[in-house]
Amino acid sequence: MGELGAFLKIARAETPERAPGERVGDHREFVRTLPLVELREQGARCMECGVPFCHSGCPLGNLIPDWNDLVYRDRFREALEQLHRTNNFPEFTGRLCPAPCEAACVLEIDEGNAVTIKQIELAIVDRGWDEGWIVPRPAQRRTGRSVAVVGSGPSGLAAAQQLARAGHDVTVFERDEAGGGLLRFGVPDFKIEKRVVERRIAQLADEGVTFRFGVNVDGPLEGFDATVLATGSRVPRDLPVPGRELGGVHYAMEYLYGRNRAVAGTAEPEISAAGRHVIVIGGGDTGADCVASAHREGAASVTQIELLGEPPEKRPDELTPWPLWPMKLRTSYALKEGGERSFSISTTGLSGNGRVQEIHWMQNTGAPPFEPVPDTGESHPAQLVLLAMGFVGPEAGLLDALGVARDARGNVDAGEFATSVPGVFAAGDARRGQSLIVWAIDEGRRCAAVVDAYLS
Ligand SMILES: Cc1cc2nc3c(=O)[nH]c(=O)nc-3n(C[C@H](O)[C@H](O)[C@H](O)COP(=O)(O)OP(=O)(O)OC[C@H]3O[C@@H](n4cnc5c(N)ncnc54)[C@H](O)[C@@H]3O)c2cc1C
Ligand code: SF4
């Protein structure tokens, strides 16, 4: 284990970040890692509990105490091996995971004191890349069986890598011009630079995975022994209010796809926040990425509004006690860079002359059924309105063409990853609904194990 009693004398160190006022001027990543000595001290704080709750907090079951201890002992290469045993892409989760493991850390019983697990994970894997320890690991034995994976988001990539390493011939079909799914075209560069996604895709290619970009799959794929649907949950929730049809009102993903392509230099964006009063409707990750992107474009103002009421500042033990994920107030990285946020807001309409100019809203009661509070109507300037209210489910086209059954929420019904159509499997957001990268990787891995057993 780490150093006996270290957690009593060493305080948790938060992840270093570039100063908000500086980072908002570019698109480079803003998260930094601690110097090596301090990082090892943080690893020493792990108590290697008899029952490590962090294991069950992490959807991948990452072997957290093992690698915390190895980092403390400066044995990074072994730590990397441990990390890769459960997680194909720790550089994705080390940058982007909300870290439910830390919420479940025993030290978090004293709120705000958890071992800084996510930061240690990122340091291990980034060092692995820097040192050249991460290399292709092609299968030693080929099975002669073939698998088509539709979608190259984190679930499709994880499934593809696991299946290729099991010796199957894997082809990934992706309708976008490049791989990564939401990691590439949703999440902005300042959260994950695209070279980080690219080098993993190159590793998969070197392990024998074939990528076919720019291919929209719209029916059964011939010539494969199995198909994995990893198409994500891409149908956005709409806002049925008067004025929704005005110019300047867009789904968040339309804006973020455009921003990612603009930053990559591959296309001119059709939607711009520059010089405009921007309203972002929705308080989650997608909304935060819109707020931060609009700031980097030089918006006149950015306001994020949320239907739900303001959560408590501290973990509400009566609702979400340790080790559960606490439903508490969080201020996104984006709002640290500027902008306003309002809770308990119901949008009542949008107005303008062909193009949106104002948004109209009322306060609500902050909880279902979100009754409007009388005499609270307000209007605000709005020249770009971005709808970031989540996703209702996977797109129907391919699923209907294949005839796969759906569950009550419209997701692919694939309890143990097999769908109702023999030889067709599903993983990631398409199966569980819009979720997290860590879950997508976990789904891809578990789905691959089921497909491997099917092919064997
Ligand atoms: C803006 C935004 C920010 C986010 N930020 C975070 C974050 O910080 N941390 C976190 O943990 N999670 C975050 N998430 C959630 C996370 O990105 C997703 O849960 C995850 O990417 C799901 O992975 P997936 O592989 O299932 O699907 P996706 O990443 O959606 O990938 C699906 C892929 O399938 C392709 N595809 C779909 N249909 C077809 C077809 N018919 N033919 C060919 N290809 C097809 C799509 O083009 C896409 O590339 C964010 C989501 C959004 C929208
Ligand atoms: S993947 Fe997420 S939950 Fe798992 S150890 Fe890493 S940060 Fe924690």
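In what follows, the structure referred to is the one given above.
Okay, so let's go over this structure.

Rules and cut-offs
- Residues numbered from 1 in each chain as written.
- Chains lettered and ligands numbered in written order.
- Predicted model: local features only at pLDDT ≥ 70, side-chain atom pairs only at ≥ 80, totals over all residues.
- Pairing = 2+ DSSP bridges.
- Helix = DSSP H or I, 4+ residues; strand = E, 2+ residues; numbered from the N terminus.
- Axes fitted to C-alpha atoms, helices over the stretch in contact; angles between N-to-C directions.
- Contact = placed C-beta atoms within 7 Å.

### Quick look at the sheet that holds strand E11 (residues 355-363)
Piece 1. Ordered by their spatial adjacency, 3 strands build an open sheet running E10-E11-E12, and the pairing between neighbours is antiparallel. Every interior strand has two partners, whereas the edge strands, strand E10 (345-353) and strand E12 (378-381), have only one. Averaged over all pairs of adjacent strands, the angle between strand axes in this sheet comes to 30°, irrespective of strand direction.
Piece 2. Bridge count for E10 against E11 is 8 bridges, and the pairing is antiparallel. Directly across from Thr 347, in E11, lies its bridge partner Trp 361.

### What to know about the sheet that holds strand E3 (residues 210-213)
Piece 1. A sheet is described by the order of its strands in space; here 5 strands give the open sequence E3-E2-E1-E4-E15, paired in parallel fashion. Unpaired on one side and paired on the other, E3 and strand E15 (424-426) mark the two borders of the sheet. On average, each strand axis in the sheet is inclined to that of its neighbour by 20°, with strand direction left out of account.
Piece 2. Where strand E2 (residues 169-174) and E3 come together, 4 bridges link them in parallel fashion. Residue pairing for E3: Val 172 is matched across the bridge by Phe 211.
Piece 3. Helix-sheet contacts for helix H10 (residues 154-165) involve strand E1 (146-150), E2 and strand E4 (226-229), and the interaxial angle to E2 is about 165°.
Piece 4. Of the strands in this sheet, E1, E4 and E15 are in contact with helix H18 (residues 437-455), which crosses E4 at around 170°.

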